[in-house]
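Observations on the three-dimensional arrangement
Here is what each chain is made of, one letter per residue.
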Number of protein chains: 2
Amino acid sequence: MGGINCNVVDPSDEEAIRGVLTAYVDFWNSHEMAGLAELFTKDAEWINIVGMHWRGREAIIKAHDVYHRTMFQKVTLAVESIELRAVAENVVVAAMVVRAGAFTPPDGVPRPSTRDRLSLVLAKRVAGWRIVLGHNTVIDERAAPFDPVNSGWTG
Amino acid sequence: MGGINCNVVDPSDEEAIRGVLTAYVDFWNSHEMAGLAELFTKDAEWINIVGMHWRGREAIIKAHDVYHRTMFQKVTLAVESIELRAVAENVVVAAMVVRAGAFTPPDGVPRPSTRDRLSLVLAKRVAGWRIVLGHNTVIDERAAPFDPVNSGWTG
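Below: a short report on this structure. (Residues numbered from 1 in each chain as written. Chains lettered and ligands numbered in written order. Predicted model: local features only at pLDDT ≥ 70, side-chain atom pairs only at ≥ 80, totals over all residues. Heavy atoms only, no water.)

Quick word on the relation of the copies chain B and chain A
Worth spelling out the cut-off: Fitting of the copies onto one another was done by least squares over C-alpha atoms, counting residues only where both copies have pLDDT of at least 70. The contact criterion used is simple: two residues touch if any of their non-hydrogen atoms lie within 4.5 Å.
Relative to chain A, chain B is turned by 180 degrees and slid 0.0 Å along the rotation axis, the superposed coordinates differing by an RMSD of 0.0 Å. Here the two chains are linked by the operation of a two-fold rotation axis. For chain B, the residue whose C-alpha comes nearest the rotation axis is Thr137(B), separated from it by 3.2 Å. In this assembly, 100% of the residues forming the interface of chain B have copies in chain A that are likewise at the interface, indicating an isologous arrangement.

Structural data, given as structure tokens:
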């Protein structure tokens, strides 16, 4: 199992992986769907902040395309932090926090700017590192004081 | 890279992985923290429905323990669906939907029963399949009609 248990990502892999994550945010901000598509494996899956589940690159890009032509037209993401962890040979888990701008979803109820926490699983393919899973959650800042680990809340 | 691209999980692995996921729900429902701990790798990470990030098995269990002695004392989960996909040698991504009972978090605002969508990444270790990442999001049923993929919304 080699270096699996030490969770260390090889420096050359780390550079490539951070490049994919940066490209994700850059393509997102410039609404470049063809660029985004290149970052995912064909079988990739995505779960968004309201729990929608998109199976396959084609579905992920279709959904992003519709939302970027509507509610995300003027929204941008800004990376706050990225943490990488190797979990198996050629598989890395990224924990990324972004600041997302305010927008109004189709239900018409405006959403303020939020901090969002993404899990991204990347696998090394012949063509390089690609995203095989993305899962995104809005950070509820009101809940943070009740975090037993990071705020020491004990009930 | 062998069978990576076909995403098929070996039947014997599938049985073991479904066993881990079932055990997760069973131990959750019976508040058995020692049992839960056995399902995770030491370096596992968890991101909960309000975006808290717990790093390492010890932190995950500490947080679960505090919440199960307080707001989750009378809450149960019921599995609605599980989908498995192999993404690399010895790494499987599970998409699981559960029905979670109503509860009142520390902020005092009652939450109704919800359907939650979990991503779980499992890796095969010497001791067997273990969870290396869990990420959980409440499904917003009001948003579902606006899903470009699963509801055909086009903006």
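Overview of the layout of surface pockets
Residues and elements named next belong to chain B. Formally: We place a 1 Å grid over just the protein atoms. Points where a 1.4 Å probe fits but has no way out form a cavity, open points with protein on both sides within 12 Å along at least 5 of 7 lines form a pocket, and any residue with an atom within 4 Å of a point lines it. Grid points are joined across faces, edges and corners, and a volume is the space filled by probe spheres set on the points. Put simply, DSSP marks the helices as runs of H or I at least four residues long and the strands as runs of E at least two long, and each gets a number from the N terminus on.
As a volume, the second largest pocket reaches approximately 550 Å³. Together, 33 residues line the second largest pocket, and Ile49, Met71, Phe72, Phe103 and Arg111 are the ones closest to its centre. Elements represented by at least two residues in the lining of the second largest pocket include exactly helix H1 (11-29), helix H3 (57-68), strand E4 (91-100) and strand E5 (114-125).

So, the packing of aromatic side chains
Put simply, the rule reads: The aromatic pairing rule takes the rings of Phe, Tyr and Trp, using the six-membered ring of Trp, and pairs them if the centres are within 6.5 Å, calling planes under 30 degrees apart stacked, those over 60 edge-to-face and the rest tilted. Burial classification: accessible surface area is computed with a 1.4 Å probe over protein chains only, and a residue below 20% of its type maximum counts as buried, one above 50% as exposed, and the rest as partly exposed.
Taken as a whole and assessed by the stated rule, the structure comprises 18 aromatic pairs over all chains. When the ring of Phe146(A) is compared with that of Trp153(A), the centres are 5.8 Å apart and the planes differ by 90 degrees; the resulting orientation is edge-to-face. Taking relative accessible area as the criterion, Phe146(A) reaches 22% and is therefore assigned partly exposed. Feature note: the residues Trp28(A), Trp54(A), Tyr67(A), Phe72(A), Phe103(A), Phe146(B) and Trp153(B) constitute an aromatic cluster, connected by ring pairs.

Purely geometric numbers; function is a separate question.
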